[in-house]
Amino acid sequence: MTTSATSGTGGPTENSLRRALRRARDGVSLDVSEAAVLLQARGEHLTDLSASAARVRDAGLDAAGRPGVITYSKSVFVPLTRLCRDKCHYCTFVTVPGKLRRAGHGMFMSPDEVLDIARKGAALGCKEALITLGDKPEDRWPEAREWLDAHGYDDTIAYVRAISIRILEETGLLPHLNPGVLSWTDFQRLKPVAPSMGMMLETTATRLWSEPGGPHHGSPDKEPAVRLRVLEDAGRSSVPFTSGILIGIGETYEERAESLFALRKVARAHHGIQELIIQNFRAKPDTAMRGMPDAELDELVATVAVARLVLGPTACLQAPPNLVDSEYGRLIVAGIDDWGGVSPLTIDHVNPERPWPQIEELAEQSRAAGFELRERLCVYPEFVRRGEPWLDPRLRPHVAALADPETGLARPDALPQGLPWQEPDEAFTATGRTDLHRTIDTEGRTGDRREDFDEVYGDWDALREAAAPGMVPERIDTDVREALRTAADDPTKLTDAEALALLHADGPALDALCRVADDVRKSAVGDDVTYIVTRNINFTNVCYTGCRFCAFAQRRTDADAYTLSLEQVADRAAQAWDVGAVEVCMQGGIHPDLPGTAYFDIARAVKERVPGMHVHAFSPMEVVNGATRTGLSVREWLTAAKEAGLDTIPGTAAEILDDEVRWILTKGKLPAATWIEVVETAHELGIRSSSTMMYGHVDQPRHWLGHLRTLAGIQQRTGGFTEFVTLPFVHTNAPVYLAGIARPGPTVRDNRAVTAMARLLLHPWIPNIQTSWVKLGAEGAAEMLRSGANDLGGTLMEETISRMAGSSYGSYKSVKDLVEVAEAAGRPAKPRTTLYGEVPEERRRAAEASDGHLPELLPVLD
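Note on numbering: residues in each chain are counted from 1, in written sequence order. Where local features are concerned, this predicted model is filtered to residues with pLDDT of at least 70; where side-chain atom pairs are given and counted, the filter is 80 or more; whole-chain, interface and lining totals use all residues. With hydrogens and water set aside, each side-chain value is computed from the structure's full complement of heavy atoms.

Undergrad: In this structure, what is going on with the overall build of the protein chain? I would like to understand it.
TA: Secondary structure elements follow DSSP: runs of H or I of four or more residues count as helices, runs of E of two or more count as strands, with numbering from the N terminus. Across its full length, the protein chain holds 36 helices and 20 strands. Note on method: radius of gyration uses C-alpha positions; expected globular size equals 2.2 Å times residues raised to 0.38. Expected size for 862 residues packed as a compact globule is a radius of gyration near 29 Å; at 29 Å, the protein chain falls within 12% of this value. In terms of its C-alpha atoms, the protein chain occupies a principal-axis envelope of roughly 85 × 60 × 55 Å. Counting only residues that meet the buried cut, the protein chain has 63% of its 862 residues in that class. When contacts within the protein chain are restricted to residue pairs at least 6 apart in sequence, those whose partners lie at least 24 apart make up 78%. When the accessible area of the protein chain is evaluated, it comes to approximately 31,000 Å², of which 50% is carbon and sulfur surface. Neither His nor the chain ends is counted toward charge; the positive residues are Lys and Arg and the negative residues Asp and Glu. A charge is said to be at NZ when it belongs to Lys, at CZ for Arg, at CG for Asp and at CD for Glu. Where the 95 positive side-chain charges of the protein chain centre and where its 123 negative ones centre are 2 Å apart. Exposure is judged per residue with a 1.4 Å probe applied to protein chains only, and the accessible area is read against the type maximum: over 50% gives exposed, under 20% gives buried, and values in between give partly exposed. Only heavy atoms enter the contact rule, under which two residues are in contact if any of them lie within 4.5 Å. The protein chains shown are the only cover counted for residues, whose accessible areas, like all others here, come from Shrake-Rupley with a 1.4 Å probe.

Written out as structure tokens, the structure reads:
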């Protein structure tokens, strides 16, 4: 055998090979061991295997509406920088600063150099600009850092974003970005400027990265777990993504099969893998692996066929045509449906010794195999037709100018022309059901779920599999009585084991826990139950983030969707001021048409209309959305928001600060680490925040403990939290519940335990513990006041998020109502400001004068 792949057992038996081939012919799903066997098929067995794969491919093309079509993308290859922090032992693309200088090149291609290539490509009818570069070169090479600094870029990703915008505006080519390993935040930065991105998985064989002498040893970005995380983040961010494997670099057949199954798992979970490349290793001179044999053609053909069987009919499979010495027919027979990018202008800078075939030759070879060659865009037709959330609104005009609206393929007669890259017009035009804040209590929602329920959240079956391990209860052996003694003596000395035991407490032990928490509450903040006269303003519910717990978010075309105008937002704030409010709390969906500066406009509109109103607005998710859309850092964006009138931010979007749970609850919301970064940055800038935890869904007490410990740690570092808010999961219309995955919200026991333990675990750092009457009702809120809480939150005046989810406790509580809740708990009530200060006498009188009449005083404004 002239390849490095081995089975470890001397190859499969004839019987095992025949059995696996029969299962392939019968359309039965393969497991990893069967796939490893089929990867070794040769001769007649390989012919049999290829025929089965071709049938699967043909069924997929028929279902996609393009039978007998094989695609390619007419592209230019832009090697933006050949510097990289990794040291792959087979790579000739990467070089060092000295060689670039001697060749007369800069550390990065200049904008003029990039645009020259792009313009020439556009003149030849190319529609894709393939931007390829090394991973984070500034982390290894001072020369790269110096170049970026000299040209005004914070990092390589900032330059990639900037040059992509120039390509779009000046040439009309569509950027396809290959910048290597990206973070979740990087995806948010780049998604608005590129219809598609990519990164090869290459292999899941960790030993090839971890062991000295391995092809990826010494390359931090080639760790399989890191690359799989990138694929997950791409799917969560709704980025059409290209990936694939590199065969013949020392992996076994079993490891190769495992790589294919890992790709299948990601593809099924998020439906975001637009294309998989099966690339064969070619040894190159002047590399550490120059003596390694090339992967045989039979290896490639067998891998393509097995990939087709594993990934199924909907997958798009590509094998680079310049790496197979004109043996195109065998790849077509094995199940590919795409040739990838082919350039009439630029070389393949990764494999410079392998020239692209002529497009006419590809067409002839495809025709000989019974296929018509058709041009596609860098973003695959399925994603062109899907539209939102896969295509950012700022890219829609560029894609629409080149795409056939019926097929999603490229229009052959379309020549790229530069188009402005800009925010959508009329972002704040009032649209849709703008009276939802009022009619949600009288008419309810139109349906129990949005119309794209089966697509926007990812694959529900894959989600059930992922959720199951985290929902398994754990055995608790710690003595609850000893834990109660520790809590009563000094709650700061509770160990994790003791805290976990108390979070599981029930019966008399739970009653004792709540008494201890109530005692701590009394010593910390006294008996006053505080509340705030505030108005919630949810300025839009259009959102494509895909949070699976959220029943508030709607597509722009859904019956319950709405967006308020700036004037409506300001009018509602003015109404609230007239009836005694000291705060407006403003949050909204991640509307794809809202520019990153929209949040500034909202804060400014309120402050201009009501200068004395405290603006408590914009969750960490909205902060990141604003920052990435404007190209600002989180710190810069928050600074600008503060200047526009932002006073504090809500600590929502936290849910559970454990990514094990977060990625079940939400498809595309920010990771826990990013939430922490935003909140700590806000605190450093003097922008205080609340803190929250939503519980009772796919979580367990161990997750609550970790979340509360995390919040306590942040508070000890920054002191910026004003309170902690318990948010019981409202299940009724929540997608993750409707799909049969989540529990039906927390029990009364859960609510009492969480409230009590929040008091104990956050003591003395976060003194204010708030309970949610809108989620628990008056009786439930009173019970939480006896379990360690001291705050009832706000009057709200309007509330659509919990009500859309199915909460039955209304959208408004008068001051009198809140006082009665406090009295039911045997305590006095007292108004407060956002920062828990004294309310001015004028505000108190205004609230008392209008109390109980808010619904009549707050008509819908059109």
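That covers the picture; the talk isn't over yet.
Undergrad: Even after reading the chapter, I still don't get the sheet that holds strand β14 (residues 583–587), so can you show me in this structure?
TA: Hydrogen bonds between backbone atoms are what pair the strands of a sheet, whose relative direction is either parallel or antiparallel. For two strands to be treated as a pair, DSSP must find no fewer than two bridges joining them. What the three strands build is an open sheet, ordered β12-β14-β15; its pairing is parallel. In the strand order of this sheet, the two ends are held by β12 (534–538) and β15 (614–617), each with one partner. Averaged over all neighbouring strand pairs, the angle between strand axes comes to 25°, with direction disregarded. Running at roughly 170° to β12, helix α23 (residues 566–578) makes contact with β12 and β14 of the sheet. Angles here are taken between N-to-C directions and fall from 0 to 180 degrees, while the axes themselves are lines fitted to C-alpha atoms, restricted in helices to the stretch in contact.

Undergrad: Mind showing me how you'd approach the packing of helix α28 (residues 672–684) against helix α29 (residues 701–718) here?
TA: Axis angle and axis distance: for two packed helices, these are the angle between their axes and the distance between the axes, and together they describe the pair. Direction vectors running N to C along α28 and α29 enclose 25°, while the axes themselves pass 10 Å from each other. Relative to α29, the element α28 is oriented roughly parallel. Both α28 and α29 take part in a crossing whose hand is right-handed. On α29, the residues touching Trp675, Ile676, Val679, Glu680 and His683 of α28 are Thr710, Leu711, Ile714, Arg717 and Thr718. Across the contact of α28 with α29, the residue classes tally to five nonpolar, three polar and two charged. When describing relative orientation, an angle under 35 degrees is termed roughly parallel and one over 145 degrees roughly antiparallel, while 65 to 115 degrees is termed roughly perpendicular and anything else oblique. Working rule for handedness: look at the near helix, and if it is turned counterclockwise from the far one by less than a right angle, call the crossing left-handed; if clockwise, right-handed. Only Asp, Glu, Lys and Arg are considered charged, only Ala, Val, Leu, Ile, Met, Phe, Trp, Tyr, Cys and Pro nonpolar, and every remaining residue, Gly among them, polar.

Undergrad: Would you take a moment to explain the pattern of salt bridges for this structure?
TA: Side-chain pairing between opposite charges can occur once the charged atoms of the two side chains come close. Put simply, a salt bridge is a Lys or Arg side-chain nitrogen that is within 4 Å of an Asp or Glu carboxyl oxygen. For the structure shown, the criterion picks out 57 salt bridges. With a shortest N-O distance of 2.8 Å, Glu838 and Lys830 are connected by a salt bridge. Within the structure, one salt-bridge network assembled from shared partners comprises Arg42, Glu251, Arg256 and Glu299.

Undergrad: Any chance you could explain the side chain of Thr755 here in plain terms?
TA: Mapping Thr755 onto the fold places it in helix α31 (residues 748–761). With a relative accessible area of 1%, Thr755 lands in the buried category. We define a polar contact as two N or O atoms separated by no more than 3.5 Å, with the added condition that, inside protein, one atom must be a possible hydrogen donor and the other a possible acceptor, whereas residues neighbouring each other in sequence contribute only through side-chain atom pairs. Looking at Thr755, its side chain comes within polar contact range of the main-chain oxygen of Asn751, at 2.9 Å. In this structure, Thr755 is in contact with Thr726, Ile769, Met784, Ser787, Gly788 and Ala789, ignoring residues within four places of it in sequence.

Undergrad: It is not clear to me how helix α32 (residues 773–785) should be interpreted in this structure. Could you clarify?
TA: To estimate how far a helix should extend, the number of its residues minus one is multiplied by 1.5 Å. Look at α32: only 11 Å from first C-alpha to last across 13 residues, short of the 18 Å you get at 1.5 Å a residue. To get the bend at a residue, fit one axis to the 7 residues ending there and another to the 7 starting there, then take the angle between the axes. Glu779 marks the point of greatest bend in α32, at about 85°. Considered for burial, the residues of α32 that qualify are Trp773, Val774, Leu776, Gly777, Gly780, Ala781, Ala782, Met784 and Leu785.

Undergrad: Hey, could you run me through the confidence of the model for the protein chain in this one?
TA: Interpretation of this model should avoid reading the predicted coordinates in detail wherever pLDDT is low. Per-residue confidence from the predictor is reported as pLDDT, a score between 0 and 100. Of all residues in the protein chain, 91% have pLDDT values of 70 or greater, and the mean over the chain is 90. Counted against residues more than four places away or in other chains, residues 855–862, with its pLDDT under 50, gives 19 contacts.

Undergrad: Help me understand the packing of helix α1 (residues 14–25) against helix α3 (residues 44–64), please; the structure alone is not making it clear to me.
TA: Where α1 contacts α3, the two axes come as close as 9 Å, and the packing angle between them is 20°. Compared by their axis directions, α1 and α3 come out roughly parallel. Note that α1 runs across α3; the crossing there is left-handed. Here α1 contributes Glu14, Leu17, Arg18, Leu21, Ala24 and Arg25 to the contact with α3, which in turn contributes His45, Asp48, Leu49, Ser52 and Arg55. Grouping the amino acids of the contact of α1 with α3 by side-chain chemistry returns four nonpolar, two polar and five charged.

Undergrad: I'm lost on the nonpolar core in this one. Help?
TA: Generally speaking, soluble globular proteins have nonpolar side chains that are buried together. Only buried Ala, Val, Leu, Ile, Met, Phe, Trp, Tyr and Cys residues count toward a nonpolar core, and they belong to the same one when joined by side-chain atoms within 4.5 Å. If you look at the biggest cluster of nonpolar residues, it comprises 129 residues, and the most contacted ones within it are Met586 and Trp675. Counting residues in each nonpolar core, the second largest holds 122 residues, with Ala35, Ala118, Phe241 and Trp390 among its members.

Undergrad: Looking at this model, I keep getting lost on the environment of Ile247. Mind explaining?
TA: Assignment of secondary structure puts Ile247 in strand β5 (residues 241–247). Excluding its chain neighbours within four sequence positions, the residues that come into contact with Ile247 are Arg256, Ile278, Gln279, Asn280, Phe281, Ala295, Glu299, Leu300 and Thr303.

Undergrad: Which parts of the structure should I look at to understand the packing of aromatic side chains?
TA: Working definition: an aromatic ring pair is given by the centre-to-centre distance plus the angle between the planes. Two aromatic rings from Phe, Tyr or Trp, using only the six-membered ring of Trp, form a pair when their centres are within 6.5 Å; if the ring planes differ by under 30 degrees the pair is stacked, by over 60 it is edge-to-face, and anything between is tilted. A full pass over the atoms with the stated rule returns 16 aromatic pairs. Taking 5.9 Å as the distance between ring centres and 70° as the angle between the ring planes, the aromatic pair formed by Phe187 and Phe241 counts as edge-to-face. Residue Phe187 is located in helix α8 (residues 184–190), and its partner Phe241 is located in strand β5; the two are separated by 54 residues in the primary sequence. Phe187 sits in the buried class, given a relative accessible area of 0%. With a centroid separation of 5.4 Å and an interplanar angle of 70°, the aromatic rings of Tyr328 and Trp339 are classed as edge-to-face. With Tyr328 in helix α13 (residues 328–334) and Trp339 in strand β8 (residues 338–342), this residue pair connects regions lying 11 residues apart in the sequence. The exposure class assigned to Tyr328 is buried, which follows from its relative accessible area of 3%. Taken together, the ring pairs connect Phe539, Tyr599, Phe600, Phe618 and Trp637 into an aromatic cluster. The positively charged end of Arg236 is found above the aromatic ring belonging to Trp663, 3.8 Å away from the centroid. Throughout this description, the term charge over a ring refers to an Arg CZ or Lys NZ atom that lies within 6 Å of the ring centre and within 35 degrees of the ring normal.

Undergrad: Sorry, what's going on with the pairing of strand β6 (residues 273–280) here?
TA: For a regular strand, the rule is simple: side chains alternate between the two faces of the sheet. Taken across its eight residues, β6 has eight buried, putting it largely inside the fold. Here β5 pairs with β6 via seven bridges, running parallel. Bridging from a neighbouring strand, Phe241 pairs with Ile273 of β6. Whether a crossover is right-handed depends on one test, that the path from the first strand over the helix to the second runs clockwise when the strands point away from the viewer. A crossover links β5 with its parallel partner β6, the connecting element being helix α11 (residues 253–270), and its sense is right-handed.

Undergrad: I'm lost on helix α22 (residues 507–525) in this one. Help?
TA: A rise of 1.5 Å per residue sets the reference length of α22, with its 19 residues, at 27 Å; its end C-alpha atoms lie 27 Å apart and thus fit the reference within 8%. Turning to α22, its buried residues number three or more, namely Leu510, Ala512, Leu513, Cys514, Val516, Ala517, Asp518, Val520 and Arg521. Those residues of α22 that are buried lie in contact with α20 (480–489), α21 (496–503), α31 and α32. Once α22 ends, the next one or two residues include Gly526, with phi positive near 85°.

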